[in-house]
Amino acid sequence: METKNKIRVLIAKPGLDGHDKGAKIVALALRDAGMEVIYSGLHQTLDQIMQTATQEAVDVIGLSIMSGAHLPISEKLIAMMKEQGLFDVNLTVGGVIPFQDIPKLKEMGVAQVFPGGTSFEDIVTGMNKLFE
Amino acid sequence: MPEIKDILLGSQIAGARMIRLIEDNDPVAFEMLKRLYPHAGNAFIIGITGSPGVGKSTLIDALITQFRTLDMKVAVIAVDPTSPFSGGAILGDRLRMQRHAADKKVFIRSMASRGQKGGLSRATKDAVVVLDAMGYEIIIIETVGAGQAEFDIASLAHSIGIVTIPGTGDGIQAIKAGILETGDIFIVNKSDKPDADASCHQLDMMIDMRKPSETNWTARVLKTIAQNQTGVKELADVFLSHFDFMKKNNLIDLKKKEMEKSYFNSLLKDLTLEKLLLFMKESEDCKKAEKKISAGVIDPLSAAELVVNKICVFESND
Ligand code: B12
Ligand SMILES: Nc1nc2c(ncn2[C@@H]2O[C@H](COP(=O)(O)OP(=O)(O)OP(=O)(O)O)[C@@H](O)[C@H]2O)c(=O)[nH]1
Ligand SMILES: [Mg+2]
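Residues numbered from 1 in each chain as written. Chains lettered and ligands numbered in written order. Predicted model: local features only at pLDDT ≥ 70, side-chain atom pairs only at ≥ 80, totals over all residues. Heavy atoms only, no water.

A separate point is the domain arrangement of chain B. Residue and element names in this part refer to chain B. Per the domain assignment, the segments making up chain B are domain 1 (4-250) and domain 2 (264-311). Facing five residues of domain 1, the contacting portion of domain 2 comprises six residues. Joining domain 1 to domain 2, the criterion identifies zero salt bridges. Our count for the contact surface shared by domain 1 and domain 2 stands at zero residue pairs in polar contact (both at pLDDT 80 or more). Here the side of domain 1 that touches domain 2 is composed, by residue class, of two nonpolar, one polar and two charged. (Domains from an automatic or database assignment. Contact = heavy atoms within 4.5 Å. Salt bridge = Lys/Arg side-chain N within 4 Å of Asp/Glu carboxyl O. Polar contact = N/O pair within 3.5 Å; in protein donor to acceptor, adjacent residues only side chain to side chain. Nonpolar A, V, L, I, M, F, W, Y, C, P; charged D, E, K, R; others polar.)

The structure is reproduced here in structure tokens:
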């Protein structure tokens, strides 16, 4: 009963990118910070990600992208989120993200970007900040 | 905020948000549930339980496929444990149920046990009500079999499948711990491994030793290989024939009464506790007691006893 408003996060790896180490350890770090993490594994299509986010009623979608395709993937997903009514869900992106791309992602509507090397502490703080 | 009418029309986004409100114990959820409740009661609810790693999620994935060939709408609630240290959870059951992502007649929801003993909480029951009202014909609940909780799976499901794996060890040993009595169907999964037949035989013997059930349903034992659908058609058929059996013998009504009674009891406990605690905490007696404790004038044991005895003075209404 005391467990009100837990943050629920979907961690997903879109496309064919097989680097899952980062996604897995971030999932553990978020769990250890008290969040409920749905880990949906590798090779997710954007439709799958949308459906999981909808059915699981998550607060955050966290994409882990190492393939370099973060810009088109994020843009497409944001459009789908708008179209399908996930207005109150935050999109965050981690992985191999060049610094010059961060403003572009933010402008699209990505709530937080966590490029390689971000500490767990900063990731947890960044996630929590979305709900202050 | 989800709308009742959208939930009743089966909107996944509305249903999912409703379940979220329930989990977060939002006061709105209770009022909405009251309105959904009359629309529930049509689904066939299956509980799948068993030790960690025996293949419950993979098996449910296969069962979904099978029920979908019969064009039945299927929902799943998969419960995973909450970490007692952080309060967080990794919900990984869904990872094994990816095949149905494009299918609009399948709904899968992961749930953390949030500290409930036995891994099932009232939220699970409430969520079943929502999915039932949304029109899902089959609702499957996955839980780690800990048994003996207040909300044990028997008070939630019409039919209970207990999953084990071949080998004399763990699987069957775990069943002995207390859930044997509640199983309707025993599943020896991973029967691609050696000794599956021996495990089936052992289970058959155990079932023979059970005291005859009051419903006269004879528990069944089946072998499956969840990954490649082997034995899963038969399993789905046995679940459905159990449902038919219950219908023909008026057991559905009986079960419904049993389920409602346990739902009522758990609601009674939750609501009473919530109200009473709030009342107590705001009382002068309680505040005084807290001060006395921190001043070292009284010990916590005596203080709690004093406050409860003073506030809880009951007279029967009869
Ligand atoms: C280890 C590694 C591999 C391993 C992967 C093992 C595994 N299962 O993960 C192996 C050897 C298999 C591999 C293979 C390949 N790799 Co590689 N690999 C790396 C390497 C060296 C480290 C990645 C890593 O695990 N880092 C450690 C983790 C903890 O960091 P991280 O994932 O970045 O996560 C952090 C943040 O990004 C953030 N984060 C990440 N995800 C998320 C998600 C959320 C929700 C949040 C909040 C935060 C968050 O949090 C983490 C902590 O800070 C990188 C180099 C690099 N600098 O990243 C190259 C790299 C990613 N690989 C690369 C390439 C090209 C490949 C291959 C295509 C090589 C080839 N030609 O075969 C293959 C492709 C494999 C495939 N199927 O996709 C390139 C990608 C180039 C690009 N983006 O343009 C990189 C960048 C190397 C390079 N400089 O060229 N690789
Ligand atoms: N050999 C074999 N492996 C199987 C079979 N069914 C499932 N598995 C594997 O067993 C492992 C565990 O499967 P899950 O479905 O996650 O098991 P679970 O009981 O849901 O696990 P928890 O939810 O963690 O308790 C996975 O690696 C599956 O691929 C089977 O019939 N044969
Ligand atoms: Mg599982």
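Residue and element names in this part refer to chain B. Core analysis: the largest hydrophobic core is formed by 50 residues, its most contacted members being Ile7, Met18, Ile45, Phe107, Val130, Leu131 and Ile139. With seven residues, the top contributor of residues to this core is helix α5 (residues 122-133). If we skip the residues at most four places from it in the chain, Ile139 touches Ala43, Phe44, Ile45, Ile46, Ala75, Val128, Leu131 and Asp132. One finds Leu63, Val74, Leu235 and Phe243 within the second-largest nonpolar core, a separate group that totals 32 residues. (Core = buried A, V, L, I, M, F, W, Y, C linked by side-chain atoms within 4.5 Å. Buried < 20%, exposed > 50% of the residue type's maximum accessible area, 1.4 Å probe, protein only. Helix = DSSP H or I, 4+ residues; strand = E, 2+ residues; numbered from the N terminus.)

Another point: the coordination of the magnesium ion (ligand 3). Six octahedral donors around a metal ideally sit at 90 or 180 degrees from one another, while four tetrahedral donors ideally sit at 109.5 degrees. Residues and elements named next belong to chain B. Coordination of the magnesium ion (ligand 3) by the protein comes from Ser57 (OG), Asp93 (OD) and Glu142 (OE), over a distance range of 2.1 to 2.2 Å. Read in sequence order, the donor residues for the magnesium ion (ligand 3) give the motif S-x35-D-x48-E. Here Asp93, found in the loop between β3 (89-91) and β4 (106-112), pairs with Glu142, found in strand β5 (residues 138-144); they are 49 residues apart in sequence, far enough to count as distant. Residue Asp93 is classed as buried on the basis of its relative accessible area of 8%. Its relative accessible area of 4% is what places Glu142 among the buried residues. (Donors = N, O, S within 2.8 Å, 3.2 Å for Na, K, Ca; no water.)

Unusually for a residue other than glycine, His43(A) sits at a positive phi of about 60 degrees. Considering the arrangement of structural elements, one finds His43(A) in the loop between β2 (36-39) and α2 (46-56). Notably, Asp195(B) is not glycine yet its phi reads approximately 75 degrees, a positive angle. Relative to the assigned elements, Asp195(B) resides in the loop between β7 (185-188) and α7 (196-209). The exposed category is assigned to Asp195(B), whose relative accessible area is 51%.

Moving on to the coordination of the cobalt atom of ligand 1. A lone protein donor contacts the cobalt atom of ligand 1, and this donor is His19(A) (NE2), found at 2.1 Å. Along the chain, the position of His19(A) falls in the loop between β1 (8-12) and α1 (21-32).

Glancing now at the interface of chain B and chain A. Every contact between the two is made by 31 residues of chain B and, on the other side, 32 residues of chain A. Note on chain B versus chain A: buried area summed over both sides is about 2,700 Å², and carbon and sulfur give 46% of it. Across the contact surface, chain B and chain A share five salt bridges. A salt bridge links Glu56(A) to Arg94(B); the nearest nitrogen and oxygen atoms lie 2.7 Å apart. The tally of links from chain B across to chain A stands at 23 residue pairs in polar contact (both at pLDDT 80 or more). Listing elements by their share of the side of chain B that touches chain A, those giving two or more residues are α2 (12-23), β3, β4 and α9 (251-282) of chain B. For the side of chain B that touches chain A, a count of residues per class yields 12 nonpolar, nine polar and 10 charged. In this sheet, β3(B) lies alongside β2(A) in parallel orientation, the contact comprising three bridges. (Buried area = accessible area lost by both parts, 1.4 Å probe. Pairing = 2+ DSSP bridges.)

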